[in-house]
Amino acid sequence: MLTILGGRQKYCDGVNRRNFLKIGSFGAGLTLADMLRARAAQPNDPLPRTKSKSVVMVILPGGPSHMDMYDLKPEAPAEFRGEFQPIQTSVPGVQISEHFPMQARMWEKLSVIRSVVANDEHSDSYVMTGYTEQTNRTSTGGQHPSIGSVISKVRSGSNNDVPPFVSLRGMDLGTEPGYLGIAHRPFTAQGPGIQNLSLAGGLTGEKMTDRQDLLGRFDTARREIDASGTMKGMDAFSGRAFDMIASGVVRSALDLKKEEVRTLDRYKGIEQFLTTRRLIEAGVGCVTLSYGGWDTHSSNFKTLKSQLPVLDRGIANMIQDFHDRGMEDDVVTVVWGEFGRTPKINSSDAGRDHWSPVMSALVAGGGLKMGQAIGSSSARGEYPKDRPYKVPHVLATVYQALGIDSSLTFNNGAGRPMYILDDRTTVQELV
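What this report covers is the structure whose coordinates are included nearby. Sequence positions are assigned chain by chain, starting from 1 and proceeding in written order. Residues qualify for local features only when their pLDDT is at least 70, as the model is predicted, and side-chain atom pairs are given and counted only at 80 or more; totals for whole chains, interfaces and linings, by contrast, use all residues. As a convention, hydrogens and water are excluded, and side-chain values are obtained from all of the structure's heavy atoms.

Let's talk about the overall build of the chain
Move 1: When you go through the chain residue by residue, the secondary structure sums to 13 helices and 20 strands.
Move 2: The classification of residues rests on relative accessible area computed with a 1.4 Å probe and restricted to protein chains. Under 20% of the type maximum is buried, over 50% is exposed, and intermediate values are partly exposed. Classification of the 431 residues of the chain by burial places 58% in the buried group.
Move 3: Restricting the contact set of the chain to residue pairs at least 6 apart, pairs at least 24 apart contribute 72%.
Move 4: Accessible surface computed for the chain: about 17100 Å², of which carbon and sulfur atoms make up 47%. Each helix is a run of H or I in the DSSP string that is no shorter than four residues. Each strand is a run of E no shorter than two, and both are numbered from the N terminus. The contact criterion used throughout is that any non-hydrogen atoms of two residues lie within 4.5 Å. Shrake-Rupley sampling with a 1.4 Å probe provides the accessible areas, and residues are treated as covered by the protein chains on show and by no other component.

Here it is in structure tokens:
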């Protein structure tokens, strides 16, 4: 097994959700780790560049505190403002948390929306689909699809060598394709279909010890399968998985050993951000990843003192890399959680509880207007003061940046045409 990110997060609702990815039986009867080891080291590591715009969805599971990250209130009473101090960014008039110094220095490349109205559910459903978990679970004809699944659908057939949608955080309700069908699920170790893909003739990783022999046999097996017509009987999901593995593009993207030592040092402990950058470079349309656990009903400041600097480094390094590679207009990055946290600190455990009336969302790239703080919350961070935006408005903006019309319809399981988003208002300050 190849572990991308370790750890588990248990939320206050008692549900365990994984925030790690172990790539094991990744199709074709071979573990992806076997395939990575089988690829001979190549100098210069030339990765193909994406031709279509892509999106990175960084999910902060548990609900991050807007009051301690991007919307500090230094003038509020102590029981609201908390322990952290704001610092000035590179854009005059915009301040963020003292634990985000790297983002502060590059704020001309970033924007924050401080007036996003959220929903009180421990779920990624709303921020990934534009519809709440309750709505999706009760939808007649199937749930609404993830943004990654929509990208997969509208770009079907464009490049079978590269998966259109990759989840580095496993499967959850928000990553599901809903009525678009299993062919548009993200590629993860947990996705049904991949595990059932096997090669004919008893070809297994255990039988292959020589690297070059492994690659040679793999290519031979594929030719034999194509000739026999077996590939025609595979479902679309498995067929795309086979093409992806056989091409070697994703193998190369996932092999971090190809990066320079100084790059690996910059991403030490946050390797999933580097993996994301490499997957986007390889042409993946949507990558979703998560970092940390933000359900801070207790010890909010102790937890954030540990997590915020690491998150800062992950975001800043990845965004800067996109700029250094001339990809800043080709990739939209969104960083957010399910909701904000209570402006008032609870007295018993020095924590902040769930708060859906307002949260913050970080946005970068995609040709959108950067260097802003959009909207504001009230003096104590309790409600939007101006420019209130809903989660679907942010997603509609992302779709527009990607060149996807969110008024497109697809038939659900009941045969009824459904819009990608019902509420298609965009964040005007970004566009």
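Having put the structure on the table, let's press on.
Quick look at the packing of aromatic side chains
Move 1: Classification of ring pairs uses Phe, Tyr and Trp, with its six-membered ring standing for Trp, and accepts pairs whose centres are within 6.5 Å; under 30 degrees between planes counts as stacked, over 60 as edge-to-face, and the remaining range as tilted. For the structure shown, the criterion picks out 5 aromatic pairs.
Move 2: Ring geometry for Tyr70 and Trp107: centres 6.2 Å apart, planes at 40°, overall tilted. With a gap of 37 residues between them, Tyr70 in the loop between strand S5 (54-59) and helix H2 (78-81) and Trp107 in the loop between helix H3 (101-105) and strand S8 (111-117) connect regions that are remote in the sequence. Accessibility classification places Tyr70 together with Trp107 in one group, the buried group.
Move 3: With 6.4 Å between their ring centres and 65° between their planes, Tyr291 and Trp294 make a pair best called edge-to-face. Trp294 carries the same exposure label as Tyr291, and that label is buried.
Move 4: Through a chain of ring-to-ring contacts, the aromatic side chains of Tyr70, Phe100 and Trp107 assemble into a single cluster.
Move 5: Counting as a charge over the ring demands two things of the Lys NZ or Arg CZ atom: a distance within 6 Å of the ring centre and an angle within 35 degrees of the ring normal. Across the ring face of Tyr419, the terminal group of Arg424 is positioned such that the distance to the ring centre comes to 4.3 Å.

Remarks on the pairing of strand S11 (residues 331-336)
Move 1: In terms of burial, S11 is a largely internal element, 6 of the 6 residues being buried.
Move 2: Along S11, one buried face is formed by Val331, Thr333 and Val335 and the opposite face, lined by Val332, Val334 and Trp336, is buried too.
Move 3: The rule for pairing is simple: two strands pair if DSSP sees at least two bridges between them. When S5 meets S11, the two strands line up parallel, connected through 6 bridges. Within S11, the position partnered with Ser54 by the bridge is Val331.
Move 4: Inspection of the sheet shows S11 paired to strand S14 (residues 359-365) by 4 bridges, in the antiparallel sense.

Digging into helix H11 (residues 271-282)
Move 1: Taking 1.5 Å as the rise per residue, H11 with 12 residues should run 16 Å; its terminal C-alpha atoms sit 17 Å apart, in good agreement.
Move 2: The element H11 is extensively covered by neighbouring structure, given that 11 of its 12 residues are classed as buried.
Move 3: Among the residues of H11, those classed as buried are Gln272, Phe273, Leu274, Thr275, Thr276, Arg277, Arg278, Leu279, Ile280, Glu281 and Ala282.
Move 4: Among the residues trailing H11, Gly283 stands out with phi positive, at a value near 110°. By definition here, a helix of n residues has an expected span of 1.5 Å times n minus one.

Structural notes on the packing of H11 against helix H12 (residues 300-324)
Move 1: To obtain an axis, a line is fitted to C-alpha atoms, over the contacting stretch when the element is a helix, and the angle between two such axes runs from 0 to 180 degrees between their N-to-C directions. The geometry of H11 relative to H12 is characterised by a closest axis approach of 9 Å and an angle of 20° between their N-to-C directions. The angle between H11 and H12 falls in the class roughly parallel. Considering only the axes of H11 and H12, their crossing is right-handed. Residues Phe273, Thr276, Arg277 and Ile280 of H11 pack against Leu311, Gly314, Ile315, Met318, Asp321 and Phe322 of H12.
Move 2: Three classes are used: nonpolar for Ala, Val, Leu, Ile, Met, Phe, Trp, Tyr, Cys and Pro, charged for Asp, Glu, Lys and Arg, and polar for all others, with Gly counted as polar. Here the contact of H11 with H12 is built from residues that sort into 6 nonpolar, 2 polar and 2 charged. Orientation labels follow simple angle bins: below 35 degrees gives roughly parallel, above 145 gives roughly antiparallel, 65 to 115 gives roughly perpendicular, and whatever is left gives oblique. Two helices that cross are described as forming a left-handed crossing if the nearer one is turned anticlockwise from the farther one by less than a right angle, and a right-handed crossing if clockwise.

A look at the pattern of salt bridges
Pairing between side chains of opposite charge can happen when their charged atoms approach one another.
Move 1: Any Lys or Arg side-chain nitrogen found within 4 Å of a carboxyl oxygen on Asp or Glu counts as a salt bridge. Scanning the entire structure with this criterion turns up 18 salt bridges.
Move 2: The salt bridge partner of Arg169 is Asp124, with a shortest N-O separation of 3.0 Å. With Arg169 in the loop between strand S9 (165-167) and helix H7 (211-228) and Asp124 in the loop between S8 and helix H4 (125-129), this pair connects stretches of sequence that are 45 residues apart.
Move 3: Judged by its relative accessible area of 7%, Arg169 is buried.

A short note on unusual backbone geometry
Move 1: Positive phi, normally seen in glycine, also occurs at Ser299, with a value near 50°.
Move 2: On the secondary structure map, Ser299 appears in the loop between strand S10 (286-290) and H12.
Move 3: Looking at Ser299, the relative accessible area reads 34%, which means it is partly exposed.
Move 4: Look at Arg387: it is not a glycine, yet its phi comes out positive at around 50°.
Move 5: Tracing the backbone shows Arg387 in the loop between strand S17 (384-386) and strand S18 (389-390).
Move 6: Residue Arg387 is classed as partly exposed on the basis of its relative accessible area of 39%.

The analysis is restricted to geometry; functional conclusions fall outside its scope.
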